[in-house]
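An overview of the molecular structure
Each chain, written out:
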Amino acid sequence: MGSSSSSYTPKTVYLDVEGKVQKVIFSLHCSPCDIRELLCSSSNISRNTAIMLVDPEGALVSIDPTMPANSPNNLYKVMPLCTGQLGEKEDMFQNVLSQVAEQFSRAFRINELKTEVTNRLAMLEKRVELEGLKVVEIENCKKDLKKLRDEMASRGGGRVNCTCKYNFSDDGKKLSPRRDVPSYPKYTLSQETIEALKKPTFDVWHWEHNEMLSCLEYMYHDLGLVKEFNMNPITLKRWLLGIQENYRNNPFHNFRHCFCVSQMMYGMIHLCSLQEKLTLTDMGILMTAAVCHDLDHPGYNNTYQINARTELAVRYNDISPLENHHCAVAFQIISLPECNIFANVELDAFKQIRQAIITLILATDMARHGEILDSFKQKVDSFDFTNEEHIRCLKMVLIKCCDISNEVRPTEVAEPWVDCLLEEYFMQSDREKSEGLPVAPFMDRDKVTKPTAQIGFIKFVLIPMFETVMKLFPQIEEIMVQPLRDSRDHYEELKQIDDAMAEERKKKTENMSLGGKKK
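Parameters and conventions
Residues numbered from 1 in each chain as written. Predicted model: local features only at pLDDT ≥ 70, side-chain atom pairs only at ≥ 80, totals over all residues. Heavy atoms only, no water. Salt bridge = Lys/Arg side-chain N within 4 Å of Asp/Glu carboxyl O. Helix = DSSP H or I, 4+ residues; strand = E, 2+ residues; numbered from the N terminus. Buried < 20%, exposed > 50% of the residue type's maximum accessible area, 1.4 Å probe, protein only. Contact = heavy atoms within 4.5 Å. Pairing = 2+ DSSP bridges. Phe/Tyr/Trp six-rings, centres within 6.5 Å; stacked < 30°, edge-to-face > 60°. Axes fitted to C-alpha atoms, helices over the stretch in contact; angles between N-to-C directions. Parallel < 35°, antiparallel > 145°, perpendicular 65-115°, else oblique. Left-handed = near helix turned anticlockwise from the far one by under 90°. Nonpolar A, V, L, I, M, F, W, Y, C, P; charged D, E, K, R; others polar.

Considering all chains together, one arrives at 18 salt bridges under this definition. Note that Glu217 is salt-bridged to Lys237, the shortest N-O span being 3.5 Å. Here the residue Glu217 occupies a position in helix α6 (residues 209-222), and Lys237 occupies one in helix α8 (residues 233-245), the gap between them amounting to 20 residues. Given the relative accessible area of 3%, Glu217 is considered buried. Taking the relative accessible area as the measure of exposure, Lys237 reaches 3% and is therefore buried. Between Asp444 and Lys433 there is a salt bridge, and its shortest N-O distance comes to 2.9 Å. Separated by 11 residues along the polypeptide, Asp444 in the loop between α17 (411-435) and α18 (450-472) and Lys433 in helix α17 bring together distant segments of the chain. Overall, Lys433 belongs to the partly exposed group, its relative accessible area being 37%. The network of salt bridges with shared partners includes Glu415, Asp419 and Lys450.

Written out as structure tokens, the structure is:
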């Protein structure tokens, strides 16, 4: 999206220094004073000596960034001026002229100077990052200690545990994005990991937060988004850190879920060959919306927000309060100069990107599921990749698929997510009961089981949506749709076992009751 400039090509001049050729290179942004000092140093002359530059014919050459370049066959010569050659007034006049020339030079190159300063700052930040590994390790130790304290506190507080692979603390504390140099270490991804990232079977439970950040960073580079949007790589790192720190430690809606959704989006882009059908801008919109889609999720859904009349529900007039909040937090982070990955995008283009990202995040509200899927069904049989409305609808369906795609993954990866989701549901329903609010049956720990929670969702939400997408991309059937059918069958078998055990317990209870009456 940005454009590179050729104005940074340095200038080279060749000097005759005691019969030898001396090559001098300087930036076009150097001041005349800097160039004089460089010429003095190159000619073994004291830096404060007044000098003049002459060509082989003895003609004077101006000493400033615009001086004509020469060649090794046409050497310039630096000549020191005698003390008496310049009077005080003439010397003063020369200095004033030099300062005026320098000011004009700087005034007309201010934008180029800003870019150069930015580039130099990026280089310095990179050096600090590379040289600060000890600080990184200290910070990692601090985080590990905090995590351990949180786990101990959660166990000691009588909190309901789940069979998740990770324990989560729920301190509700909102973190603001860091403003320092990004401190997570750089991981070199193996070829095996790079290939696995492109597949829905990717096991998201094997990765620490720092590793997930590196994977997300790799995805942006691999898809060409860093180049397309002219992102500063350090800004991308800092933005990803800001994103991670603004996901709360909920059982389900946390940074690992963000990574899950983003990795599935990356996988669908490769599986469906979307690079050949959509623009790079569309890819950036899809990935960025996936990364940001649940920012600062409080762990309580829209129904609770509206029934409890929370600040979010009041602020957004009961219309998708959480999704509107996710959008707001996303663009609060991007509005920070140090986190603005779209800083080099033209204003009109950024407005369109912003609106598209908002549209996709708002589409993740399940209250709109039927509306969005029906709209896509009307278009899919005659889908036109040159039609903007068709593309907009496709992107909405893609982020919806990725958001609720856990059951597409292998059972050992998908099933722990069900435990995490149920824990979050039970936390909400317990709170609703204590506050006298309506409780949804599928969230009530006294009414729902894992099979009953999943069967209806897979049969009536997931399979119909993915089968509709399959009409446009038949290649997803084996890798994404068939696992959903297998998962449905798996939970139906579990339900039959649960029902049989419940029936057996019921008979035993009745027999015991009859036996008691006979006595």
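Right, let's talk about the environment of Phe342 for a bit. Among the secondary structure elements, Phe342 is positioned in the loop between α13 (321-334) and α14 (347-362). Discounting chain neighbours no more than four positions away, the residues touching Phe342 are Phe229, Thr288, Ile334, Phe350, Ile353 and Ile357.

Strands sit in the order β4-β3-β5 across an open sheet of three strands; the sheet is antiparallel. What marks the edges here is a single partner per strand, and that holds for β4 (60-61) and β5 (77-80). In terms of strand pairing, strand β3 (residues 51-54) meets β4 through two bridges, oriented antiparallel. Considered in β4, the bridge of Val54 is made with Leu60.

Another aspect to go through is the packing of aromatic side chains. Tallying each qualifying case throughout the model produces 14 aromatic pairs. Between Trp205 and Trp417, the ring centres sit 4.7 Å apart and the planes meet at 35°, which makes this aromatic pair tilted. Placement of the pair is Trp205 in the loop between α5 (191-197) and α6 and Trp417 in helix α17, with a sequence separation of 212 residues. Across this residue pair, the class does not change: Trp205 and Trp417 are buried.

Our focus in this paragraph is the packing of α6 against helix α10 (residues 280-292). As a packed pair, α6 and α10 sit with axes 11 Å apart at the nearest point and diverge in direction by 165°. In terms of their interaxial angle, α6 and α10 are classed as roughly antiparallel. In this structure, the crossing between α6 and α10 has a hand that is left-handed. Every residue of α10 that contacts α6 at Leu216, Met219 and Tyr220 is listed here: Met287, Thr288 and Val291. Here the contact of α6 with α10 is built from residues that sort into five nonpolar, one polar and no charged.

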